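Okay, here's what each chain looks like letter by letter:
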Amino acid sequence: MRHFIGGIEGEFKRYKKLGNEAIRQVHDDAQLSAEGPGGGNSIAVLVWHLSGNLKSRFTEFLTSDGEKPWRKRDEEFIFRSVSRAELLAKWEEGWTVALQELQSLTDADLNQSVIIRGETFSVSDALLRSVAHAAYHAGQIVYLAKAFRGAAEFESLSIPLGMSEEFRKNPTRS
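Quick summary incoming for the structure in this document.

## Some words on the overall build of the chain
Then, in step 1: Broken down by element type, the chain carries five helices and two strands.
Then, in step 2: When the elements of the chain are put in sequence order from the N terminus, they spell out α-α-α-β-β-α-α.
Then, in step 3: The C-alpha atoms of the chain give a radius of gyration of 17 Å, which matches the 16 Å a tight globule of 174 residues would have.
Then, in step 4: In terms of its C-alpha atoms, the chain occupies a principal-axis envelope of roughly 45 × 45 × 25 Å.
Then, in step 5: A separation of at least 24 residues holds for 74% of the contacts in the chain among residues at least 6 apart in sequence.
Then, in step 6: For the chain, the accessible surface area stands at approximately 9500 Å², while carbon and sulfur atoms represent 55% of it.
Then, in step 7: Where the 22 positive side-chain charges of the chain centre and where its 24 negative ones centre are 3 Å apart.

What follows is the structure, given as structure tokens:
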């Protein structure tokens with residue numbers, strides 16, 4: 001049975017799609033590496049960090065500490081100038097590892113424990129923590145993409161402003 005795990009998997013896919021759609025709307029590739037407002041993280045930094053986190057957490061998810069010794073977390077936050085192809089390849093790396101591991105899990109695995117940075121978590125708590133982390137950074141990517149594209153030009157990734165009533169009447173958009 002995969003009721004809970006399937007729900008987590010669906011949420012991961014939803015946040016991956018939000019990130020994909022936001023990145024697609026950044027037309028100037030230099031903006032992928034540009035700092036956010038006030039010197040904040042760039043889209044590239046966020047992609048490197050989230051990819052590193054997902055790869056570390058989901059490699060040998062049930063059998064080894066989620067903070068792998070090969071992960072260089074601090075290096076994920078350094079400025080990098082990358083091409084769109086490099087950025088998308090790194091983005092896919094992390095998501096591929098996470099989604100493949102989720103495919104192998106069942107709700108029966110929720111009774112197990114995993115370790116992250118030496119701390120024990122139930123599998124369900126670890127998964128909730130991870131999906132929240134992914135959502136947090138996907139939201140930052142969306143924010144940066146919208147800032148770079150301009151609010152007037154950015155294609156809404158949710159219900160567009162002024163369309164709530166229409167959506168309420170036709171939520172499946174059929």
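## As for the nonpolar core
Then, in step 1: Core analysis: the largest hydrophobic core is formed by 40 residues, its most contacted members being F12, I43, L102 and L127.
Then, in step 2: Of all the secondary structure elements, the ones that give two or more residues to this core are α1 (3-24), α2 (43-58), α3 (84-104), β1 (113-116) and α4 (123-149).
Then, in step 3: The element contributing the most residues to this core is α4, with ten residues.
Then, in step 4: If sequence neighbours within four positions are ignored, L127 has contacts with F4, I5, I8, F58, F61, L102 and L110.

## Here we look at the packing of aromatic side chains
Then, in step 1: Tallied over the full model, the rule gives four aromatic pairs.
Then, in step 2: Judged by centre distance (5.8 Å) and plane angle (85°), the rings of F12 and F58 are edge-to-face. Taken as a pair, F12 in helix α1 and F58 in helix α2 lie far apart in primary sequence, 46 residues in all. Considered together, F12 and F58 belong to a single accessibility category, that of buried residues.
Then, in step 3: An angle of 75° between the planes, with centres 5.9 Å apart, marks the rings of F12 and W95 as edge-to-face. Remark: W95 occurs in helix α3 and F12 occurs in helix α1; sequence separation between them is 83 residues.
Then, in step 4: Aromatic ring contacts, followed pair by pair, group F12, F58, F61, W91 and W95 into a single cluster.

## Observations regarding α2
Then, in step 1: Helix length check: α2, at 16 residues, gives a terminal C-alpha distance of 22 Å against a target of 22 Å (1.5 Å per residue), a fit within 8%.
Then, in step 2: Buried residues dominate α2, accounting for 16 of its 16 residues.
Then, in step 3: Looking one or two residues beyond α2, the residue adopting positive phi is E60, at roughly 50°.

Thresholds applied
- Residues numbered from 1 in each chain as written.
- Predicted model: local features only at pLDDT ≥ 70, side-chain atom pairs only at ≥ 80, totals over all residues.
- Heavy atoms only, no water.
- Helix = DSSP H or I, 4+ residues; strand = E, 2+ residues; numbered from the N terminus.
- Rg over C-alpha atoms; globule rule 2.2 N^0.38 Å.
- Contact = heavy atoms within 4.5 Å.
- Areas by Shrake-Rupley, 256 points an atom, 1.4 Å probe, with all protein chains shown as cover.
- Lys, Arg positive; Asp, Glu negative; His and termini not counted.
- Charge placed at Lys NZ, Arg CZ, Asp CG, Glu CD.
- Core = buried A, V, L, I, M, F, W, Y, C linked by side-chain atoms within 4.5 Å.
- Buried < 20%, exposed > 50% of the residue type's maximum accessible area, 1.4 Å probe, protein only.
- Phe/Tyr/Trp six-rings, centres within 6.5 Å; stacked < 30°, edge-to-face > 60°.
- Expected span 1.5 Å × (residues − 1).

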